[in-house]
Structure formats: structure tokens, C-alpha cells
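Architecture at a glance
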Amino acid sequence: METDRKDGRTPNQLRPLKCSRNILHRAHGSASWSQGETKVLAAVYGPKAGTKKNEDPEKACIEVIWKPKTGQIGKAEKECEMIMKKTIQSICLLTINPNTTTSVIVQVVNDDGALLPCAINAACAALVDAGIPLKHLAVAICCCVAEDGSVVLDPTKLEEQQMRGFAYLVFPNSALSALPEGSSLVNGEPLEHGIITSVTHGVMSVDEYLKCVDRGRAACAKLSSFLRNSLQKSQFPSDMSSKAA
Amino acid sequence: MDSRLANTWRLTVNEKKFIETALASDLRIDGRKPLEYRKLTINFGREDGSADVQLGHTHVMGFVSSQLVQPYRERPNEGTMSIFTEFSPMADPSFELGRPGESAIELGRIIDRGLRESRAVDMESLCVLAGKLVWAIRIDLHILDNGGNLVDAANVAALAALLTFRRPECSLGGDNGQEVVVHPPEVKDPLPLIVHHLPIAVTFGFFSTEYTMVVDPTHSEEAVMGGRMTVTVNASGDICAIQKAGGVGVPQSEIMRCLRLASDKAESITKNIKDAVEAFNTERMLRKIKRHSTAVAANVSIENDVKGQKDKLTAQRVNELSMSQMERLKLKPDESSISQNDGLGSEIRSSDQISNQRAEGNAPLFLGGPSSWDPHTQGVDPDFLKASLAAQGKSNPKAEQSSEDSDDDVAMQEKEVSEDVKPPSLATDSSETVEEQKTSIVKKTLKDAVKPKNRRRKKTRS
């Protein structure tokens, strides 16, 4: 079913993606990620000595700070922080640097729908920029279910509000590996088929949710290759010379 | 976390000595002269009232928002303005979440004094219903990167955001004229704020050795210097505020010298801000131009019929394509960045993003094109186009490129966009080299549209 979207995209079309790394000078790693008009800036400082009180000192601790564009930090921001923290914890190799804290600071520059997936993508790129050891990368996408049951990818803010329900899904990035194919399978399925995080809002049936997951996973393949390509390209010479203490 | 002390950054004794010795010979560690200001870059976001300022390595973002509230009792017919400064932990490892530290509060107060007490923003025009409803302006300043001299950068960010902010228009209605109707931006154009003058903050750093003074200290210099002074002055030489909180004693003559220097700097910075705001306003107006029923559409529609597409959509898209192309031609001084494009728009996007927001405004129109791009850009045969355009009487051998050229020309005439990089090339007499470049650029960008990087084909299964 072709729903006529306002900006003329098909239901499976993502907004233009932009990713740039190493944009801040004091932070150990930084990245900005934008999907259409939604833009998020992420910075990573790490690893710092010591963990928080209730955290396990045998492992590294991840701290996420979410900064909204305007206004006080409320419950919604705390929820986003918690979701991001759990997501990042599952992709980091926590046992390499025990008893340390890595801080990820996320600043919302503009919110035009699919904010949390955008933030997760930005945080992932920033972690790579900082050189934090990761198991694999993560890509996030937002799929929503329209009134007529069709699945639409990467909605804008207006679309999100009109939809019946939407789901933020985070998948592992497909790893380029020299190992043979079979070794990266988990229970017979390739690694990319697993869901790291799934947050849903609104009402949707089980079938619709599974449809979302399918579409999202397929779209994430494209996102993965974009992320990988943009991370592999060389830094601008100006950034190299200006990277001070 | 008690081990925070282990994380604080301290300047080494060697670095301290080096900075001071270099200053004795009028040299600064980043190559500037003592009285030289760093490069100021002002960018704007897509929305009204969001500014992004970079002063050397210092990066500050400012957002302005408005809300209808009850006024203060003592001032029933004036709006209110409040400034919130966020020293984000992103900017410096020593910035922590939670209650703002001393420097954060001081920064907020300096900017607040400069704007409020000098009556830079007109508060009375923000009154809607005296005593009941006024507009409250809220300025949020996010410090993203601490490269030194946060006050100046944050001040510029606040001013730039205020100048580009638009508040919704509201009118009184209802039975007794007491109800306020706020018009959404689609119904009525939002109004800008009335800003009388621009108070610019200029910071000076004083060192304990021989009354050396620098303007616009960097982060390392701030760690070394003995005292600082911030002067808020506007372009007409009025002093709005002076802040010198402790530190080394400075003789009167030095202070007077600083004030004069500050006036000079304020003029150039004011000009900088005004130019940037001008450019943003022009671009904002261009964005508002509706592109359906123009001569351009008529021109393009001939090709459309040949291609068999819907007129309106393609006209729009081709206009926007040509517009974005022209933007790209203007913005990219080196074509090499385009030639490196291996089909991934990401490289171009990232370089644009840092430099100019305008490309972002147009690039999405281009890349996120509608599904009508899908069948035809793949299927259009250059020979077919050639034949069709030859039939129109265009004597240009390069068919594809000429169609783009004609769009460019008419689009240019329509919008009166000033070309400084490439002269407006009429389809008939343009130089070969320009056409060559345009062809190569056009070919690349159309191929971008074809490559399904950001578009997903419908899966045949589900």
C-alpha cells in the first residue's frame, strides 16, 4: 500500500543521512548524525577512573547524559538515557577496562521525528571516534504503523503524531569479518538478525510488529553500510592539525 | 565519584612558562597577535531562532523559544526574557551535570546584563494583554566545546538567535476583546523581535607579568592568566556592561585602552552578525517561494510530456534539483570533492554541514526525492532526450546538460540568485569549460539519484 507522504517519499524510503565525526576539540570522540531535519550531536569522554556507586566495579560503566534542546530535564529524557545506556552497554566490551566510566553526552540539535534512533546512531559513531572497544556497531531505525496497517519507515515528527503506533528498533551492524560465514551465526541465524533494543509506542498487532521488524532490519542493512562507509573515510586534514590536548 | 580530582586537567609548569615567555615577545601559542580576535563563524539551523557559533575551537549553540505567560506585577505591560546557560559536560571534562558552577552563573549574568539592562530587546512590544498575557522569551545557550572565551561566543550566539527568532502573531478576539488567538505560522507569518542594538562582549585576559594583555584568550591562556575583564559594548560605542571580578590589578590607562579596543572589535563583530543574519533571512525567503505555477514549470513541462511524467511533481523536483545544483556550484569551490564522490552523498554532506547550512536545506530535497524519480531517471535515454530537445530548437549538443541549463537559467531569472562562482550561463552562449564542468557535475548528481543508497526498493516478499 502506497501511503502518500508529505515529502514525497515512499513508505520504505529513508530521509537523507548525514554523518560527520570529530567535530569537537575537547571531547575524546564526537559525531553528529542527521536524518532529514532531525539532528543529534554526541560526544564521548572515556574511560575515566572510577565507577558510580551502584555499578559493578568489575566492568566498565557507561554513563549517558541526554541534553534536550530547550527546557528542563524530565522523565522522558531520563527514559531516553536509560534506553541508550542499556543499548550501548550491550555493544561495548565491558571487561577490557574494569572500574572505569565512559560518558556519552547527547545533545539534541533539532527534533523532527525518529529522535532516539538518530541519537543511538550518533552515539555509536562517537564511540568509534573515541576508540572505545566495541563488539560490533549498532544501527537504529524507527518504523511506524499507519492507520491502515501499512508500515512506514523513518517518519517525520508530523507523521509520528498521526500514526497509530511506532517502534524504535536497534539492530547490530553487519560485521565485515575474515572468519568464515558460519562462525558469526547465533542459533543458526546471522548476527544482524538479532534485535538489540525495541521500544514501541502506541497500539499495533503482533503481525504488524513483525512486519516492522522485517522492514526495519532490511533498511538497517543500508544504514549499516552508510555508517561503515562514513566511518572509514579519512579525516579532514584540518581536524588532524587542530586536535589539541 | 570521588576520583574526579584524578580527572581534572592541569596545565603543566612548562606550558605555563612557555605561554608567558612567548607573550613577552608578543606571540601567542596559536599564532595570533595579542590583540587579534579569532575567526568567528555563525551558522543557522533550519528553524527560526537557532544559531550555531564557532569562535576558533569554542562552539556554542543558542536556541530561542517563546511562550505566553503572565507578566510580573511591577511591569504589567512588558514581556520577560530569561537566559539559561548549559555548560554541557560535552564541552569540557571538568563540566559536570547538575547545579551550574560559578563560571556558568557568571556567564549567564554577564549576557543577561548586556541584553536586559541595556534594553537591547524591546520588551514592550512583547505585551499582548496588559497585566494578563505577555510573551516570555527564553534563550537557551548550550556550550558544546570549550576552547576558551565562552562569554563572547555565547553572547554572539544569543544575539544571532534573537535576531533570527520569529514569534507567532496573535490577535485579540472573543466577546470582550480579552481572548487571545495565536496564529500558527502557516496562517500568518511570524514576527521578528525588535532589537534596538547589539551589545557585543569582548573579553580581555591580563597576565601577572608586566601588564601584558590579550584579547580573546584560548583555553590554555585562561588557565595561565591572572585576571580577566569582559566589556560589553555596542557598535555605537555605548558601554553596556563591564565585568572585572578580582584578579590582577590593572592600571587605569590599560582599562581605557581596553575599552577603546572593545569598541573597535564590537563594530566588526556586529557587521559579521548582521551579514550572517541577512544571508539567513534571504535564504528563508527563498524557501518560502512556491514553485508550482511559474514559467519554469511551463518550460519544463514540455520535457515532462516527452518523459511522460506528472508535470507538477517533476517541475518541482527539477527546480529544486537545479536550485540545489546551483547551491552546490556556489558552495563548492573545489570540484574535486564532487569528483571524489563515489556515489555516497555522505562525504559531500559532511563537508557541507560544517561549512554551510544552506546545502542541507536543499540537499534533502534532492536526495530524498519522490518515487517519481525511480522509474524515469533510470530509464531516460540520453539519445532520446537529445532527439526531443533538438525538436524544441535548442542548438546545444549536450542534451541532458542543456535541459539542466535551461532550468538553471529560468530558475535564476525567477529567483534572482546572485552567482559569484559561475556566471549565469545562457543555454546559447556559455563557455565550453563551464558546460563541461556542469555536465560532469550533473552526471554525477543524477547518478546519485539513481543509486539506491538512501532509497529502499519495495521488498517483494511481505
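Residues numbered from 1 in each chain as written. Chains lettered and ligands numbered in written order. Predicted model: local features only at pLDDT ≥ 70, side-chain atom pairs only at ≥ 80, totals over all residues. Heavy atoms only, no water.

1. Observations regarding the overall build of chain A
Counting its secondary structure elements, chain A contains 5 helices and 11 strands. The buried share of chain A, reckoned over its 245 residues, is 58%. Taking contacts inside chain A between residues at least 6 apart in sequence as the whole, the part at least 24 apart equals 73%. Carbon and sulfur atoms make up 55% of the accessible area of chain A, which totals about 10,100 Å². (Helix = DSSP H or I, 4+ residues; strand = E, 2+ residues; numbered from the N terminus. Buried < 20%, exposed > 50% of the residue type's maximum accessible area, 1.4 Å probe, protein only. Contact = heavy atoms within 4.5 Å. Areas by Shrake-Rupley, 256 points an atom, 1.4 Å probe, with all protein chains shown as cover.)

2. Overview of the overall build of chain B
A tally of helices and strands in chain B yields 14 helices and 14 strands. For chain B, buried positions account for 50% of its 462 residues. Counted over contacts in chain B with a minimum sequence separation of 6, partners at least 24 positions apart contribute 71%. Put simply, chain B shows about 22,000 Å² of open surface, and 52% of that area lies on carbon and sulfur atoms.

3. Re unusual backbone geometry
Here the phi dihedral of A:Ala114 falls at roughly 55°; this positive angle occurs in a residue that is not glycine. Tracing the sequence through the fold places A:Ala114 in the loop between β5 (100-110) and α2 (115-130). Judged by its relative accessible area of 0%, A:Ala114 falls in the buried class. Non-glycine residue B:Asn149 carries a positive phi angle of around 60°. With respect to the element layout, B:Asn149 can be found in the loop between β6 (133-145) and α3 (150-164). Assessed through its relative accessible area of 0%, B:Asn149 is described here as buried.

4. Quick notes on the sheet that holds strand β12 (residues 213-215) of chain B
All names here are of chain B. Pairing is antiparallel in the open sheet, where 4 strands are placed in the order β12-β11-β13-β14. In the strand order of this sheet, the two ends are held by β12 and β14 (239-243), each with one partner. Going from strand to strand, the sheet's axes swing by 20° on average, the running direction of each strand aside. Where strand β11 (residues 200-206) meets strand β13 (residues 227-233), 7 bridges bridge the pair, whose relative direction is antiparallel. Bridged to Phe 204 within β13 is Met 229. (Pairing = 2+ DSSP bridges. Axes fitted to C-alpha atoms, helices over the stretch in contact; angles between N-to-C directions.)

5. Observations concerning the UniProt feature "domain: Exoribonuclease phosphorolytic" (unreviewed entry) in chain B
The sites that UniProt annotates as "domain: Exoribonuclease phosphorolytic" (unreviewed entry) are residues 36-168 and 197-264 of chain B. The span residues 197-264 of chain B shows a helical share of 28% and a strand share of 32%, and its end C-alpha atoms are spaced 16 Å apart. (UniProt positions renumbered as here; feature names shortened; annotations may be inferred.)

6. A closer look at the side chain of A:Asp154
Residues and elements named next belong to chain A. Structurally, Asp 154 can be placed in the loop between β7 (151-153) and α3 (157-162). The buried category is assigned to Asp 154, whose relative accessible area is 1%. Among the polar contacts made by the side chain of Asp 154, one reaches the side chain of Gln 35 at a distance of 3.0 Å. Aside from chain neighbours lying at most four places away, what touches Asp 154 is Arg 5, Arg 9, Leu 14, Arg 15, Gln 35, Ala 114, Cys 142 and Glu 159. (Polar contact = N/O pair within 3.5 Å; in protein donor to acceptor, adjacent residues only side chain to side chain.)

7. Structural notes on the packing of aromatic side chains
All names here are of chain B. Under the definition given, this model contains 4 aromatic pairs over all chains. Here the aromatic rings of Phe 44 and Phe 280 are separated by 5.0 Å at their centres, their planes lie at 40°, and the arrangement is tilted. Pair noted here: Phe 44 is in strand β1 (residues 40-44) and Phe 280 is in helix α5 (residues 252-288), with a separation of 236 residues, a long-range link. Pair check on accessibility: Phe 44 and Phe 280 agree, each one buried. Over the ring of Phe 84 we find Arg 138; its NZ or CZ atom is 3.8 Å from the centre of that ring. (Phe/Tyr/Trp six-rings, centres within 6.5 Å; stacked < 30°, edge-to-face > 60°. Lys NZ or Arg CZ within 6 Å of the ring centre and 35° of its normal.)

8. Focus on the pattern of salt bridges
All names here are of chain A. Evaluation of the coordinates by the stated rule reveals 29 salt bridges over all chains. For Asp 111, the salt bridge goes to Lys 157, with nearest N and O atoms at 2.8 Å. With a gap of 46 residues between them, Asp 111 in the loop between β5 and α2 and Lys 157 in helix α3 connect regions that are remote in the sequence. A relative accessible area of 32% means that Lys 157 is categorised as partly exposed. Three or more residues are tied together by salt bridges with common partners; here these are Arg 9, Arg 15, Asp 112, Asp 154 and Glu 159. (Salt bridge = Lys/Arg side-chain N within 4 Å of Asp/Glu carboxyl O.)

9. So, the environment of B:Asp140
Its location among the elements puts B:Asp140 in strand β6. A C-alpha to C-alpha distance of 21 Å links B:Asp140 and B:Tyr72, two positions 68 residues apart in sequence. Here B:Asp140 is in contact with A:Lys69, A:Thr70, A:Gly71, B:Met61, B:Gly62, B:Phe63 and B:Phe84, once residues within four sequence places are set aside. A polar contact of 2.8 Å, which involves the side chain of B:Asp140, links it to the side chain of B:Arg138.

10. Re helix α2 (residues 102-117) of chain B
All names here are of chain B. Taking 1.5 Å of rise per residue, the 16 residues of α2 would be expected to cover 22 Å, and the 21 Å separating its terminal C-alpha atoms lies within 8% of that figure. Here α2 has its buried residues at Ala 104, Leu 107, Gly 108, Ile 110, Ile 111, Asp 112, Gly 114 and Leu 115. Of the surrounding elements, those touching the buried residues of α2 are β4 (80-87), β6, α3, β13 and β14. Among the residues trailing α2, Arg 119 stands out with phi positive, at a value near 55°. (Expected span 1.5 Å × (residues − 1).)

11. Considerations on the confidence of the model for chain B
All names here are of chain B. When pLDDT is averaged along chain B, the result is 72; 61% of the residues meet or exceed 70. When pLDDT is averaged over each element of chain B, α3 comes out on top at 95 and helix α8 (residues 336-339) at the bottom at 38. Predicted confidence is poor over residues 293-316, with pLDDT under 50, and the contacts of this stretch with residues over four places away or in other chains come to 37 contacts. Residue range residues 454-462 is modelled with pLDDT below 50. Its contacts to residues more than four positions away, or to other chains, number 28 contacts. (pLDDT = per-residue confidence, 0-100.)

12. So, the pairing of strand β2 (residues 29-35) of chain A
All names here are of chain A. Most of β2 is tucked away, with 7 of its 7 residues classed as buried. On β2, burial covers both faces: Gly 29, Ala 31, Trp 33 and Gln 35 on one face and Ser 30, Ser 32 and Ser 34 on the other are all buried. Across 5 bridges, strand β1 (residues 17-21) lies against β2 in antiparallel orientation. Each bridged residue has a counterpart across the sheet, and for Cys 19 the counterpart in β2 is Trp 33. As judged from the 7 bridges shared by β2 and strand β3 (residues 38-49), these two strands associate in the antiparallel manner.

13. Section: the sheet that holds strand β8 (residues 165-172) of chain A
All names here are of chain A. Overall, antiparallel pairing links the 4 strands, which are arranged β7-β6-β8-β11 in an open sheet. Edge positions in the open sheet fall to β7 and β11 (197-202), since each of these has one partner strand only. On average, each strand axis in the sheet is inclined to that of its neighbour by 25°, with strand direction left out of account. Alignment of β8 against β11, held across 6 bridges, turns out to be antiparallel.

14. A word on helix α1 (residues 13-24) of chain B
All names here are of chain B. With 12 residues, α1 extends 17 Å from end C-alpha to end C-alpha; this agrees with the ideal 16 Å at 1.5 Å per step. Restricting attention to buried positions, one finds in α1 the residues Ile 19, Glu 20, Ala 22 and Leu 23. Buried residues of α1 fall within an arc of 165° about the axis and therefore sit on the same side. What points out from α1, more than 90 degrees from its buried face, is the exposed set Val 13, Asn 14, Lys 17, Phe 18, Thr 21 and Ala 24. (Arc of directions from axis to C-beta.)

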